[in-house]
Amino acid sequence: MTRNPADAEDVRQDTFLKTMTRLEQFTGSPCENRDDLHAWVSRIAANASIDVLRKRRDGKVFSLEEPSGAGDDTLGSNVAACEDNPEERFARREMRKLMADAIAQLAPELRQVCLLRDVLQYSTQEVAERMGISAMAVRLRLFRAHRRLREKTGLRIAAVQAAASRRRCYSDGS
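Cut-offs and rules
- Residues numbered from 1 in each chain as written.
- Predicted model: local features only at pLDDT ≥ 70, side-chain atom pairs only at ≥ 80, totals over all residues.
- Heavy atoms only, no water.
- Helix = DSSP H or I, 4+ residues; strand = E, 2+ residues; numbered from the N terminus.
- Buried < 20%, exposed > 50% of the residue type's maximum accessible area, 1.4 Å probe, protein only.
- pLDDT = per-residue confidence, 0-100.
- Expected span 1.5 Å × (residues − 1).
- Arc of directions from axis to C-beta.
- Salt bridge = Lys/Arg side-chain N within 4 Å of Asp/Glu carboxyl O.

Student: Tell me about the environment of Arg3, residues and numbers included.
Tutor: If you trace the backbone, Arg3 turns up in the segment before helix H1 (5–21). Overall, the relative accessible area of 83% leaves Arg3 in the exposed class. Expressed as a C-alpha distance, the spacing of Arg3 and Leu53, which sit 50 residues apart in the sequence, is 9.6 Å.

Student: I'd like to hear about helix H4 (residues 108–119), residue by residue, with values.
Tutor: Along H4, the positions that sit buried rather than exposed are Leu110, Val113, Cys114 and Leu116. Taken from the residues just after H4, Gln121 is the one with a positive phi, measuring 60°.

Student: If you had to explain the confidence of the model for the chain to someone new, which residues and values would you point to?
Tutor: In the predicted model, the chain carries a mean pLDDT of 78, and the fraction of residues at 70 or more is 69%. Confidence, expressed as mean pLDDT per element, reaches its minimum in the chain at helix H6 (residues 135–171) with 79 and its maximum at helix H5 (residues 124–131) with 92.

Student: Tell me about helix H3 (residues 86–104), and please be specific about residues and values.
Tutor: The terminal C-alpha atoms of H3, which comprises 19 residues, lie 27 Å apart, in line with the 27 Å expected from a rise of 1.5 Å per residue. Three or more residues of H3 are buried, namely Leu98, Ala102 and Ile103. Buried residues along H3 cover an arc of 130° about the axis, so they all sit on one side. Set apart from the buried face of H3 by more than 90 degrees, the exposed residues are Pro86 and Arg96.

Student: Can you tell me about the pattern of salt bridges, naming the residues and giving the values?
Tutor: Applying the stated criterion across every chain yields a total of three salt bridges. One salt bridge in this structure joins Arg12 and Glu9, with 2.6 Å as the shortest N-O distance. Of this pair, Arg12 and Glu9 both sit in helix H1, separated by three residues, roughly a single helical turn.

Right, here's the structure in full:
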């Protein structure tokens, strides 16, 4: 919501502190599923994000490129440039797309357990309860899903890496 990593980190810390200090205000019962708690914490985070956006809107905006007084120094002069390599960023984006496509091709029961366990990071027991199966069945389906993902992505990753190394060779003048 904040579109700024530093502000998002501040919101996350603020949300954690508010959640911990106001836990007694949570009206859901501990026996209910965790969706109530998740919704409550999400609302706290959304409100904290809105507060940050309001402060940003009301605050004065400074240019990082305009000279800030004496000399040619700007506010951005002392800010370190992002070390993120565009090629690495592209490779990460391609890898995420490759994994998302591979997960989408899994059988529904394997895809569901993979998303709940690996993406949403539910515990094995929570996944078992949500799906109405045993924890052993969750582990077995997760094993099968991971094996199929390795099979589906292994060849593609090798092909992408080979193409990338060929591009590097050509761009280096080899």
